[in-house]
Amino acid sequence: REELGVDGLESDLRYAFLAPCVSQGTANGVAYVDREFIDVFFLSLPLADTPFTVATSEVQDLTVLQCATVIDELSSSSGGAGFVPKPPHYVAALADAFTSLHQTPPV
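Residues numbered from 1 in each chain as written. Predicted model: local features only at pLDDT ≥ 70, side-chain atom pairs only at ≥ 80, totals over all residues. Heavy atoms only, no water.

1. Describing a nonpolar patch on the surface
Thought 1: Together, Leu13, Tyr15, Leu18, Phe37 and Phe41 make up a nonpolar patch on the protein surface, roughly 540 Å² of accessible area in all.
Thought 2: Elements with a contribution of two residues or more to the nonpolar patch: strand 1 (13-27) and strand 2 (30-43).
Thought 3: Looking at the nonpolar patch, the element that brings in the most residues is strand 1, giving three residues.
Thought 4: By the element assignment, leucine 18 lies in strand 1. (Patch = residues over 30% accessible without salt bridge, like charges linked within 9 Å, V, L, I, M, F, W, Y side chains within 5 Å. Areas by Shrake-Rupley, 256 points an atom, 1.4 Å probe, with all protein chains shown as cover. Salt bridge = Lys/Arg side-chain N within 4 Å of Asp/Glu carboxyl O. Helix = DSSP H or I, 4+ residues; strand = E, 2+ residues; numbered from the N terminus.)

This is the structure:
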């Protein structure tokens, strides 16, 4: 709940991958370099069957996209509109995880 702002069961979380990422930019006029390891998890939510709300203190916006759209946007030269740019190894790992997710029967 804290990171996503949605309620879900811990058992619904699926670990996808760990990716080192480096990003840099400017915030409030100050240059920064952010070096971090990102743990990526999938959380399955029954969007079509069960209405849910997100915590406005944690989530500014929610958009549901097809997996292929996410990969296409992240793979674009600009990093995709509305996406935080990610390095190519992250995008490749995410694409592999999406493929694996679609090939694995639900538990």
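From this point on, the discussion continues.
2. Concerning the packing of aromatic side chains
For any pair of aromatic rings, geometry is given as the distance between the ring centres together with the angle between the planes.
Thought 1: Counted according to the given criterion, the structure contains three aromatic pairs.
Thought 2: Ring plane angle 70 degrees and centroid distance 5.4 Å describe the contact between phenylalanine 17 and tyrosine 90, whose orientation is recorded as edge-to-face. With phenylalanine 17 in strand 1 and tyrosine 90 in helix 2 (residues 88-103), this residue pair connects regions lying 73 residues apart in the sequence.
Thought 3: Given the relative accessible area of 8%, phenylalanine 17 is considered buried.
Thought 4: Over the ring of tyrosine 90 we find lysine 86; its NZ or CZ atom is 5.3 Å from the centre of that ring. (Phe/Tyr/Trp six-rings, centres within 6.5 Å; stacked < 30°, edge-to-face > 60°. Buried < 20%, exposed > 50% of the residue type's maximum accessible area, 1.4 Å probe, protein only. Lys NZ or Arg CZ within 6 Å of the ring centre and 35° of its normal.)

3. Observations concerning the environment of arginine 35
Thought 1: Within the secondary structure, arginine 35 is located in strand 2.
Thought 2: Taking the C-alpha atoms as reference points, arginine 35 and serine 23, 12 residues apart in sequence, are found 6.7 Å from one another.
Thought 3: If we ignore the near neighbours within four places in the chain, the residues touching arginine 35 are Cys21 and Val22. (Contact = heavy atoms within 4.5 Å.)

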